[in-house]
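Notes for the structure review
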Amino acid sequence: MIRLFLFAMALSFATSSFGNAENIKIGDISILAPYAKATPVGARVAGGYLTLQNNGAKNDTLLSIQCECADAVEIHQMTHKNGIMAMKQLEQGLRISAGEKVSLAPGGLHLMFIGLKHQFVQGDTIKSKLHFEMAGDVEVTFNIVPLRGQK
Ligand SMILES: [Cu+2]
């Protein structure tokens, strides 16, 4: 009995340590662990990250993202050209092939919040609407994590 109780405690602690992060499903798409990086005062841009999993038999595409927190949200890819790192917008959206998982993470694919209307503060959350070609629209809550630290 005590063991069961401890297990339940551990479980609820593990869950709460993720704050408000939620894994969301819309149609065949799962959205896992969305988070954004905190920003210094006056910053104009912030990076957002998540994993998209397509559980279905049809390809889907993340076409656009909207957030009241920013003028625009773009899907970016890091590119290396002659040793110089740059970011390129995926103007056609981000393809998530049937049965595939696509991770957006620091140093690679990411969402870029551009023209921030307020600072992103560690511990807060921001809500964004993701628009998928097949799965439709879904609201996603991003946890804001320290600027440095989490990868
Ligand atoms: Cu970017």
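Residues numbered from 1 in each chain as written. Predicted model: local features only at pLDDT ≥ 70, side-chain atom pairs only at ≥ 80, totals over all residues.

A look at the environment of glutamate 68
Put simply, the test is: Going along the chain from the N terminus, every DSSP run of H or I of four or more residues is numbered as a helix, and every run of E of two or more is numbered as a strand.
Checked against the element boundaries, glutamate 68 lands in the loop between β4 (60-66) and β5 (70-81). Expressed as a C-alpha distance, the spacing of glutamate 68 and isoleucine 126, which sit 58 residues apart in the sequence, is 8.8 Å.

Looking at the pairing of strand β2 (residues 29-37)
Within a regular strand, side chains alternate between the sheet's two faces. For the record, the criterion: DSSP calls a pair of strands paired once it identifies at least 2 bridges connecting them.
Relative to β2, strand β1 (residues 24-26) runs antiparallel, the two being bridged by 3 bridges. Bridging across to β2, isoleucine 26 finds its partner in isoleucine 29. Connecting β1 to the antiparallel partner β2 that follows it, the hairpin turn spans 2 residues, and glycine 27 within it adopts a positive phi of roughly 55°.

Structural notes on the confidence of the model for the protein
Going by this rule: pLDDT gives the predictor's per-residue confidence on a scale running from 0 to 100. For the purpose of contact definition, each residue receives a C-beta atom placed from its backbone, and two residues are in contact when these atoms lie within 7 Å.
Averaged over every residue, the pLDDT of the protein is 88; the share at 70 or more is 83%. Across residues 9-20, confidence stays below pLDDT 50; counting only partners more than four residues off in sequence or on other chains, it has 4 contacts.

Description of the nonpolar core
The cut-off we apply is this: Structurally, a nonpolar core is described as a collection of buried Ala, Val, Leu, Ile, Met, Phe, Trp, Tyr and Cys residues joined by way of C-beta atoms within 7 Å. Partly exposed residues are those whose C-beta has more than 12 but fewer than 20 other C-beta atoms within 10 Å; 20 or more makes a residue buried and 12 or fewer makes it exposed, with C-beta atoms placed from the backbone.
Counting residues in each nonpolar core, the largest one holds 25 residues, and the members touching the most others are Ala36, Cys67, Phe113 and Ile126. Of all the secondary-structure elements, those providing two or more residues to this core are β2, β3 (45-54), β4, β5, β9 (110-116), β10 (125-132) and β11 (136-145). Element by element, the count of residues in this core is highest for β3, at 4 residues. Those residues in contact with phenylalanine 113, other than ones at most four positions away along the chain, are Ala36, Val45, Ala46, Gly48, Cys67, Cys69, Ala70 and Val73.

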